[in-house]
Amino acid sequence: MQAMCHIDTPKPQIALKIAILFSGNGSNLQNLLEQRDSIQAALAPHGIVPEFVLGVSNNPSAYGITRCENFGLEVQVLPHGAFAHRAAFEAALSEILVQYGVEFVVLAGFMRILGAEFVRKFRTINIHPSFLPLYKGAHAIADSYAGAEEFGGVSVHWVSEELDSGRIILQEKLPKIAGESLEDFEHRIHQLEYTLYPKALIYALCECFAPESSPESTLDSALAFSPVTPTLG
């Protein structure tokens, strides 16, 4: 009698469209675009196929717009000043994201607070250049540099309607160096961001879209992620 071979059933693939929102230079945006193949490889065992489909900026002068164009990422500019109030801006932003079939939003230096209705509609994560809950707000690097702690840090968190207060996904401390300048401290913070954000994105996507994956395997996939060296200008 011929033995029957066991054939593993392929894991269903979830195609996932992601938008990146930004307001300025867009270095974290470019880093994620440069890492997209490695991010896809890390998520493949969990059945997730992520695709960055859109960049959106509220600032028509943002250099991140040029970065999107250089990487062939479609970009929409939506100046918040053109709207009478935040709700109208967010309604227009939501409409654009729905048009592109976006299911997940990544903030990369997006300098607007998003309201409760938006964050209920779109799963959204953000990166912040401090070890939260320390030093929330727009001046986190300088505040952290001047702080009494022996460390700075970077945190990636789920976005809530309260500034820099959503649940932490991943965070890492950065030891301070005696006599280090603010500029050098800031440079090291950004280098940590480029490493941590792709890992946190992997973890967050698994949490949302591969709930059958164990927390241990999800974290292993994130922490085992090996980023390529960014070519940021």
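Before going into details, it helps to say that this report is about the structure given with it. None of these values were measured; they are calculated from a predicted model.

With that settled, the discussion passes to the sheet that holds strand β1 (residues 14–22). Taken in spatial order, the 7 strands of this open sheet run β3-β2-β1-β4-β5-β6-β7, and their pairing is mixed. The sheet is open, and its two borders are formed by β3 (75–77) and β7 (168–175), each paired with just one other strand. The sheet shows a mean angle of 20 degrees between the axes of neighbouring strands, direction not considered. Sitting on the sheet, helix α4 (residues 86–99) is in contact with β1, β2 (48–57), β3 and β4 (104–107), with an inclination near 140 degrees to β2. Across the sheet, helix α7 (residues 182–209) is in contact with β1, β2, β4, β5 (123–128), β6 (151–158) and β7; its angle to β7 comes to roughly 160 degrees.

Right, let's talk about unusual backbone geometry for a bit. Pro133 follows Leu132 through a cis peptide bond whose omega is 10 degrees. Among the secondary structure elements, Pro133 is positioned in the loop between β5 and α6 (140–146). The phi dihedral of Tyr135 falls on the positive side, at around 60 degrees, and the residue is not glycine. Looking at Tyr135, the relative accessible area reads 23%, which means it is partly exposed. In this model, Asp164 sits at a positive phi of 50 degrees, which is unusual for a non-glycine residue. With respect to the helices and strands, Asp164 occurs in the loop between β6 and β7.

Conventions adopted
- Residues numbered from 1 in each chain as written.
- Predicted model: local features only at pLDDT ≥ 70, side-chain atom pairs only at ≥ 80, totals over all residues.
- Heavy atoms only, no water.
- Pairing = 2+ DSSP bridges.
- Helix = DSSP H or I, 4+ residues; strand = E, 2+ residues; numbered from the N terminus.
- Axes fitted to C-alpha atoms, helices over the stretch in contact; angles between N-to-C directions.
- Contact = heavy atoms within 4.5 Å.
- Buried < 20%, exposed > 50% of the residue type's maximum accessible area, 1.4 Å probe, protein only.

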